[in-house]
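Summary of the model geometry
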Amino acid sequence: MTPTTVPRRAAVRGPVRGVAAVPRIRTLLLLFLAVTGAVLAGAAPASAHAALTGSNPQQGAVVTQAPDQVSLTFSEKVAMSDGAVRVLDPKGKRVDTGKPFEADGTTYGVKLHSGLPDGTFTVTYQVVSADSHPVSGAFTFSIGAPSQTSVALSGTAAGGGVVGTLYDIGRYVSYAGFILLVGGAAFVLACWQRGAGIRAVQRLVVSGWLALTGATLALLLLRGSYVGSGKIGDIFDLSLLAQVLQTKSGAALVSRLLLLAAAALFIAVLFGAYARRDEDEEPVRETGGEDTTGAPADGGDPAGTSGADRAGAGVRSGAEGAGTGDRAEDDDRAEDAEAPDLAATDRRDLTFGLAIGGTVVAAGLAASWAMAEHASTGIQTDLAMPVDVLHLLAVAVWLGGLSTLLVALFRAPAGEQIEAAAVRRFSRVAFGGVTVLAATGIYQSWRQVGSWSALTGTSYGQLLLVKVALVAVLVGIAWISRRWTAQLSEAPADAAPPVEEPATEKEPATVAAGSGDARRAAQLARQRAAVATTRQKRVRDADPVRTGLRRSVLAETGVAIVLLAVTTVLTSTEPGRTEEEARGATAAASQRSGPLSLKIPFDTGGEDGKGTVEVTLDPARVGSDEMHVFVVRPNGKAFDVPEVKVAFTLEAKKIGPLPVAPDRIATGHWSAIGVQIPMAGDWKIAVTVRTSDIDQATVTKNAKIG
């Protein structure tokens, strides 16, 4: 057998600094998982962006007659499906028709069956706000008198539980995938076109596409259960999926999938034909367009012909071929000179086409969020949605480009390190992205917060302050990276100090061919590959300027991961403007639902005809109320008058006057039980006081009831 000589294991001496790149990347991955876990563990279910501001009957109201419908008023428009509003009697039996309808603006109702018994009824609702988040809640009212109820409400809010957690993870992954896909492709086209052929960069962009596609499919399947029952078993319910496809959120997710199919074609061209074209042009750029036909550069004859023979041959053929040879040589030189120009023109055209197509696809992907979330509801939606698209694109270009730069600095082969010019180009692109991000972010903050009090007094405002602080930290680290970039331009990679190669033992080991020691040969091959990789990393890390840049970019990426987590939570939090409006409406309703007291002076015109009448209404809600009327003299003593009458008028709805004749309880005290207020509104209360057979006066005052 013929022996095969294989080098023995090389003994590598000295520190291996390049290996530190792997723990750093692992550290970022652990940071990503830790932040995601903290966010999902600490965050409540996705906050509803529409709030219940009123109902008829109201929470806790006691009515004497059974209403024919229940109405709910929200802070913004909501989407309702059959069964979204349910009314249950004391035994837990449904008494509604199951067909909700839009009554007026943001008020929705459901009809009730006739012949309802007395007792406490429970109203439950689960709807979807205009920005795609689920809203749920419940309240009670009573007919006749309160009673015991067997209705047990679930403690899990809409959008919570296991399905809610999975949905939140899907949203985070989709944002991260969008940033890597769009930012990585933009970095290659605008800053480092040679990066299209770098395997690590290709993996990063393709990973972004896979993450976004997988997360979008998951969100589409989870959506029905997320806004509905919240059960894991409903995730694969095709009937729920059909309902989701008919909603605004479902249309946005399907549009995103279609755009991702176009993005797949874009990636194939970018890392296929585009990268190959760059590789084909490398020899032309290196030779400067010189002749590459294989003729010796010094004009020598490869056949070894002597100088005398060449001279004689030249004399014999010179006269007959001088003119023809010169013209042919000129034509060859012209073709060689035109080849690089044609290749450069083709590459510019392909780059321009990829840039236009990629921008359209990226804008469409960003619009799939803008058309279904915060920007699609509230004030100035026509302006807010384009601004939101610009905001998302700016985030992707900045943070996605930053991630690609990190990969290029840590994972690119030693012989294909990113050039200083490419880093400087990204620095300029990132500065533009941060400028757009700041401008659009200021507008969005004003639109979603609306006031300084909401900035500090709402969850959305507080998260926004955290986000602003993280962006400030990120910009500060970016400024440090920019300083390293400036030094990088003054200290190119080829000026790096020489690296001392590690000492190795070159004692060959002889392995007989066919001896079956294939495992040993494979082990030695792996060792040689490890030594080569270590050598490449050592060469790559020899430049201290690039090492400093790597560290600052690594720090930027770590902060960006936390920033992305905060942003994801922010998009699922009720905007400060909406929260304050709902809080104000609830406070006003609670104020109106308390006991009402009005003091109105009167003068009948006769002798001893002056005094003050005080009307109290408890609880001053829609339905049955208890009214008391007190009549006192100017000196504060009870005024014994022969008659008091009261009338209620709701002029806005042309209801009334509804007369009420209170009974005399004591001197100056009149009362009426079961006064019916049919509707909430600004009621005019008219009180007629008669002090003698011919002297009486009617005084009025408006008050909000219900």
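Throughout what follows, the structure given in this document is the object of discussion. If you're wondering where the values come from, they're calculated on a predicted model, not measured in any experiment. (Residues numbered from 1 in each chain as written. Predicted model: local features only at pLDDT ≥ 70, side-chain atom pairs only at ≥ 80, totals over all residues. Heavy atoms only, no water.)

A closer look at the overall build of the chain
Rules: A helix here means a DSSP run of H or I that spans at least four residues, while a strand means a run of E at least two residues long, and both kinds are numbered starting from the N terminus. Three exposure classes are used, based on accessible area relative to the maximum for each residue type with a 1.4 Å probe and protein chains only: buried under 20%, partly exposed in between, and exposed over 50%. Contacts between residues were defined by any pair of non-hydrogen atoms, one from each residue, lying within 4.5 Å. Exposure was quantified through the Shrake-Rupley algorithm and a 1.4 Å probe, taking into account, for residues, occlusion by the shown protein chains and nothing else.
What the chain contains, in helices and strands, is 14 helices and 20 strands. When the 706 residues of the chain are sorted by exposure, 42% land in the buried category. Within the chain, contacts between residues separated by at least 24 positions form 73% of all contacts whose residues are at least 6 apart in sequence. When the accessible area of the chain is evaluated, it comes to approximately 35300 Å², of which 59% is carbon and sulfur surface.

Observations regarding the packing of aromatic side chains
Defined as follows: Aromatic contacts are taken between Phe, Tyr and Trp rings whose centres are within 6.5 Å, Trp giving its six-membered ring; a plane angle under 30 degrees counts as stacked, one over 60 as edge-to-face, and the others as tilted. Both a distance and an angle decide whether a charge sits over a ring: NZ of Lys or CZ of Arg must be within 6 Å of the ring centre and within 35 degrees of the ring normal.
Enumeration according to the criterion identifies nine aromatic pairs in this entry. Measuring from centroid to centroid gives 5.2 Å for F178 and W369, while their planes differ by 65°, and the two rings are edge-to-face. Residue F178 is located in helix α2 (residues 161-190), and its partner W369 is located in helix α7 (residues 307-370); the two are separated by 191 residues in the primary sequence. Here W369 falls in the buried class, since its relative accessible area comes to 4%. Taken together, F74, Y108 and Y125 form an aromatic cluster joined through their ring pairs. If you follow R256 out to its NZ or CZ, it ends over the ring of W369, 3.9 Å from the centre. The ring centre of F639 lies 4.2 Å from the NZ or CZ of R633, which sits over that ring.

Quick look at the sheet that holds strand β15 (residues 643-650)
Short version of the rule: Note: two strands are recorded as paired if DSSP finds a minimum of 2 bridges between them. Every axis corresponds to a line fitted to the C-alpha atoms, with the helix fit spanning only the stretch in contact, and the corresponding angles, defined between N-to-C directions, vary from 0 to 180 degrees.
With antiparallel pairing, four strands are arranged side by side in an open sheet as β16-β15-β19-β20. Lying at the two open borders of the sheet, with one neighbouring strand each, are β16 (655-660) and β20 (696-705). Here the average twist between neighbouring strands, direction ignored, is 20°. As defined by bridge partners, strand β19 (residues 681-690) adjoins β20 across 10 bridges and the pair is classed as antiparallel.

Thoughts on a positive patch on the surface
What counts, and what does not: Surface patches are defined over residues having more than 30% relative accessible area and no salt bridge, joining like charges when they lie within 9 Å and nonpolar side chains (Val, Leu, Ile, Met, Phe, Trp, Tyr) when within 5 Å. Each reported salt bridge corresponds to a side-chain nitrogen of Lys or Arg within 4 Å of a carboxyl oxygen of Asp or Glu. Charged-residue counts in this description rest on Lys and Arg as positive and Asp and Glu as negative, His and the chain ends being excluded. A single reference atom marks each charge: NZ on Lys, CZ on Arg, CG on Asp, CD on Glu.
Together, R424, R425, R428 and R482 give the surface a local cluster of positive charge. If you tally residues by element for the positive patch, the top one is helix α9 (residues 420-449), at three residues. Looking at the secondary structure, you find R425 in helix α9.

Quick look at the pairing of strand β12 (residues 596-603)
Judged by which residues are buried, β12 turns out to be one-sided: L596, L598, I600 and F602 face inward and are buried, whereas S597, K599, P601 and D603, on the alternate face, are not. Judged from the eight bridges that link them, β12 and strand β13 (residues 610-618) form a sheet pairing that is antiparallel. Following the sheet pairing, K599 is matched in β13 by E614. Counting the residues in the hairpin turn of β12 and β13 gives six residues, including G605, whose phi is positive at 95°.

Quick word on the sheet that holds strand β17 (residues 663-666)
Strand order in the open sheet made by the five strands is β12-β13-β14-β18-β17, with antiparallel pairing throughout. Two strands in the sheet have a free side with no partner beyond their single neighbour: β12 and β17. Averaged over all pairs of adjacent strands, the angle between their axes in this sheet comes to 25°, without regard to strand direction. Sheet topology places strand β14 (residues 623-632) next to strand β18 (residues 669-677); seven bridges connect them, and they run antiparallel. Among the inter-strand pairings, G623 is bridged to a residue of β18, identified as I677.

Re the pattern of salt bridges
Pairing is possible between side chains that carry opposite charge, provided their charged atoms lie close to one another. Counted under the stated rule, the structure contains nine salt bridges. Among the salt bridges present, the one from E373 reaches R171, with a minimum N-O distance of 3.9 Å. With E373 in the loop between α7 and α8 (381-411) and R171 in helix α2, the pair connects residues that are 202 residues apart, well separated along the chain.

Overview of the nonpolar core
For clarity, the threshold we go by: Buried Ala, Val, Leu, Ile, Met, Phe, Trp, Tyr and Cys residues form a nonpolar core when they are joined through side-chain atoms within 4.5 Å.
Core analysis: the largest hydrophobic core is formed by 69 residues, its most contacted members being F178, L181, W192, L270, L399, L405 and I418. Elements represented by at least two residues in this core include exactly α2, α3 (199-226), α5 (248-271), α7, α8, α9, α11 (459-490) and α13 (544-571). Here this core takes 15 residues from α8, the largest share from any one element. Ignoring anything within four residues of it in the chain, the contact list for I418 reads F187, W192, L405, A408, L409, V423 and R546.

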